[in-house]
Amino acid sequence: MVHQSSILIGIVGKTNVGKSTLFSALTMLPVKIENRPFVTIEPNIGIAYVRSECPHRSLNLPKCDPINSLCIEGYRFIPVKVMDVAGLIPGAHRGRGLGNKFLDDIRQANALIHVIDASGSTDEEGNPVKPGSYDPFEDIVAIEREIDLWMFSIIRNGWDKLSKGLDHVPQDQAIDRLTQRLSGLSIRRTHVVHALKRSGLDTKKFSLWDSDDLLSFVSELRKVSKPTIIAANKADLPESIDIIKSLVERARDRVIVPVSAEIELALRRASKAGLIRYIPGDPVFEVVDESRLSDRQRKALGYIREVMDRLQGSGVQRVLNVLVFDLMEMIPVYPVENVNEYSDSRGNILPDVILVRRGSTPRDLAYMIHTDLGEGFLYAIDARTRNRVGGDYILRENDIIKIVSAKAR
Ligand SMILES: Nc1nc2c(ncn2[C@@H]2O[C@H](COP(=O)(O)OP(=O)(O)OP(=O)(O)O)[C@@H](O)[C@H]2O)c(=O)[nH]1
Ligand SMILES: [Mg+2]
């Protein structure tokens, strides 16, 4: 089996906005959920799934045999790791609330889901208030700033010494060293290059950077190294409608997706209990047997249906898919051994799927599967066309690829 690339997505946001509810809906893991601030202290880690068309459908194969993923009615569900952490409040870097030290838990995150309470029913401190009485736009800005200040505090540590050294080596080496210094934050060289340019600091001597420079650098670094989607949660509450409209207008450079974590959680529970048929990400569900529902269940499902009509689903799967496929620019690729059967050596059809960055090549794919496979890489075969492709071929979405390598796996 090919292990899934280790994508880690951090769930962040103000306290009491529904982070753990979203986590639980995504992973089906039971976690503590309460309507008060600072319920989560220790991080929760679990597996969520992005959803994409399984190629077995378009190839008209009767079935597939997924091993590192799931296939439900023609949709491939591809695992990614998600992590739910403690909530923040503005001023966390000064120690307000729980502080922001626990953001250390998401150092390794490759992307973030920033959850906000789009119904406006939690105040600045995360206390419950009347829906519609608080403007969550403030939270978007404040939480982004807390994350910037957290990164700032990490890079600030030892900066004076580091920056003097950076001045004395060629820019290329300086970038390497800076990348090295930030590698614990899951930051790559291209991120550093990009952030230097975006902050206009690529021509300024490192030792001359002041705090504002450093802050604008980490802010650009955050945007490029941790692509973020805003999950406008509690979109089931009617107060969210106007708030989300106004958020979309004011926060134009952010991607905002309305969601109801609570409704997704209810759907997955009802589906697990056999009450409904629901494939995560579908805009609708089906009741298995109306006569088996209690009055309460019927009423609850009726309400859920109304909300889903309005949001075209719960929005939860959409958040994950847009983040991984659009903002992180990943594509699914299927490695196989046998190009005639689209199978592995044991005859399993389309057993594994790997998420790769757009622009990746078969050689990159080989390295992701195994270092030996990458080092011995000779060429690859596109199983759909049976054409040989070179190591520089750019992989496309849902490519089915056999790697031919001089070194056995
Ligand atoms: N109406 C509605 N309420 C929700 C939704 N998601 C979460 N909630 C409620 O919001 C409250 C807080 O949920 P949690 O998931 O514990 O929030 P959190 O962000 O993890 O909070 P902390 O861990 O304390 O920072 C609970 O009462 C949830 O039931 C939603 O989609 N709609
Ligand atoms: Mg929580």
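In this text, all values refer to a predicted model and were calculated from it rather than measured experimentally.

**Quick notes on the site of ligand 1**
T15, K19, T21, V39 and D236 are the nearest of the 23 residues found near ligand 1. Taking T15, its side chain carries an N or O atom lying 2.7 Å from an oxygen atom of ligand 1. Within the backbone of R36, an N or O atom sits 3.5 Å from an oxygen atom of ligand 1. Burial of ligand 1 by the protein chains amounts to 92% of its free accessible area of 660 Å². Breaking the shell around ligand 1 down by element, the ones donating at least two residues are α1 (19–27) and α9 (261–272). The element best represented in the shell around ligand 1 is α1, accounting for three residues. Broken down by class, the residue content of the shell around ligand 1 amounts to seven nonpolar, ten polar and six charged.

**A look at the side chain of D84**
By secondary structure assignment, the location of D84 is in strand β4 (residues 75–84). It turns out D84 is buried and unbridged, and the closest side chain with the opposite charge, K19, is 5.7 Å from it. Of note is the side chain of D84, whose polar atom sits 2.7 Å from the side chain of S20. Separated by 2.8 Å, the side chains of D84 and N44 make a polar contact. Excluding its chain neighbours within four sequence positions, the residues that come into contact with D84 are I11, K19, S20, F23, T40, P43 and N44.

**Points about unusual backbone geometry**
Backbone geometry at N60 places phi at a positive 60°, although glycine is not the residue there. Locating N60 in the fold gives a position in the loop between α2 (55–58) and β3 (70–72). N60 gets classed as exposed once you look at its relative accessible area, which sits at 69%. Look at E329: it is not a glycine, yet its phi comes out positive at around 55°. Inspection of the secondary structure assignment puts E329 in the loop between α11 (316–327) and β10 (330–336). Residue class for E329 comes out partly exposed when judged on its relative accessible area of 43%.

**Quick word on the packing of helix α3 (residues 137–156) against helix α7 (residues 211–225)**
Closest axis-to-axis distance for the α3/α7 pair is 9 Å, and the angle between their directions is 115°. With respect to α7, the axis of α3 lies roughly perpendicular. The two elements α3 and α7 cross, and the hand of that crossing is right-handed. Packed against α3, whose contacting residues are E144, R145, I147, D148, L149, M151, F152, I155 and R156, the element α7 presents S211, L214, L215, F217, V218, S219, L221, R222 and S225 at the interface. When grouped by side-chain class, the residues that make up the contact of α3 with α7 number ten nonpolar, three polar and five charged.

**Re the coordination of the magnesium ion (ligand 2)**
The magnesium ion (ligand 2) binds to the protein through S20 (OG) and T40 (OG1); the donor distances cover 2.0 to 2.1 Å. Here the residue S20 occupies a position in helix α1, and T40 occupies one in the loop between α1 and β2 (44–53), the gap between them amounting to 20 residues. This pair shows no difference in class: S20 is buried, exactly as T40 is.

**Section: the packing of aromatic side chains**
Counting across every chain of the model gives four aromatic pairs. A centroid spacing of 5.2 Å and a plane angle of 40° characterise the contact between F206 and W209, whose relative ring orientation is tilted. With respect to class, F206 is no different from W209; both count as buried. The residue whose ring lies beneath R388 is Y379, and the NZ or CZ to ring-centre distance is 3.6 Å.

**Details of the domain arrangement of the protein chain**
As assigned here, the protein chain comprises domain 1 (8–134 + 228–324), domain 2 (149–220) and domain 3 (330–405). Residue-level contacts link nine residues of domain 1 with six residues of domain 2. In this assembly, domain 1 packs against domain 2 so that about 660 Å² is buried in total across both faces, 54% of it on carbon and sulfur atoms. On inspection of domain 1 and its partner domain 2, the count reaches zero salt bridges. Scanning the region where domain 1 abuts domain 2 turns up two residue pairs in polar contact (both at pLDDT 80 or more). A breakdown of the residues in the side of domain 1 that touches domain 2 according to their chemical character gives three nonpolar, four polar and two charged.

**So, the environment of V319**
Inspection of the secondary structure assignment puts V319 in helix α11. Counting along the chain gives 30 residues from V319 to I349, while the straight-line C-alpha distance between them is 29 Å. With near-sequence residues (within four places) excluded, V319 lies in contact with I113, I229, A231, V257 and V259.

**Re the nonpolar core**
The biggest cluster of nonpolar side chains holds 44 residues, and the ones touching the most others in it are I9, I113 and L355. In terms of residue count, the dominant contributor to this core is α11 (seven residues). Domain assignment of the residues forming this core places at least three in each of domain 1 (8–134 + 228–324) and domain 3 (330–405). Each residue touching I113, except ones within four places of it in the same chain, is listed here: I9, G10, I11, V12, L22, L26, I229, A231, V319, L320 and L323. Counting residues in each nonpolar core, the second largest holds 41 residues, with F102, L103, I147 and V218 among its members.

**Quick look at the sheet that holds strand β14 (residues 399–405)**
Pairing in this open sheet of five strands is mixed, and the strands run β11-β10-β14-β12-β13 from one edge to the other. Each edge of the open sheet is held by one strand with a lone partner, namely β11 (354–357) and β13 (387–389). Each strand axis lies, on average, 45° off the axis of its neighbour in the sheet, ignoring direction. Pairing between β10 and β14: four bridges, direction parallel. Residue pairing for β14: Y334 is matched across the bridge by I400.

Here is what the cut-offs are and how they apply
Residues numbered from 1 in each chain as written. Chains lettered and ligands numbered in written order. Predicted model: local features only at pLDDT ≥ 70, side-chain atom pairs only at ≥ 80, totals over all residues. Heavy atoms only, no water. Near = heavy atom within 4 Å. Polar contact = N/O pair within 3.5 Å; in protein donor to acceptor, adjacent residues only side chain to side chain. Areas by Shrake-Rupley, 256 points an atom, 1.4 Å probe, with all protein chains shown as cover. Helix = DSSP H or I, 4+ residues; strand = E, 2+ residues; numbered from the N terminus. Nonpolar A, V, L, I, M, F, W, Y, C, P; charged D, E, K, R; others polar. Buried < 20%, exposed > 50% of the residue type's maximum accessible area, 1.4 Å probe, protein only. Lys, Arg positive; Asp, Glu negative; His and termini not counted. Salt bridge = Lys/Arg side-chain N within 4 Å of Asp/Glu carboxyl O. Contact = heavy atoms within 4.5 Å. Axes fitted to C-alpha atoms, helices over the stretch in contact; angles between N-to-C directions. Parallel < 35°, antiparallel > 145°, perpendicular 65-115°, else oblique. Left-handed = near helix turned anticlockwise from the far one by under 90°. Donors = N, O, S within 2.8 Å, 3.2 Å for Na, K, Ca; no water. Phe/Tyr/Trp six-rings, centres within 6.5 Å; stacked < 30°, edge-to-face > 60°. Lys NZ or Arg CZ within 6 Å of the ring centre and 35° of its normal. Domains from an automatic or database assignment. Buried area = accessible area lost by both parts, 1.4 Å probe. Core = buried A, V, L, I, M, F, W, Y, C linked by side-chain atoms within 4.5 Å. Pairing = 2+ DSSP bridges.

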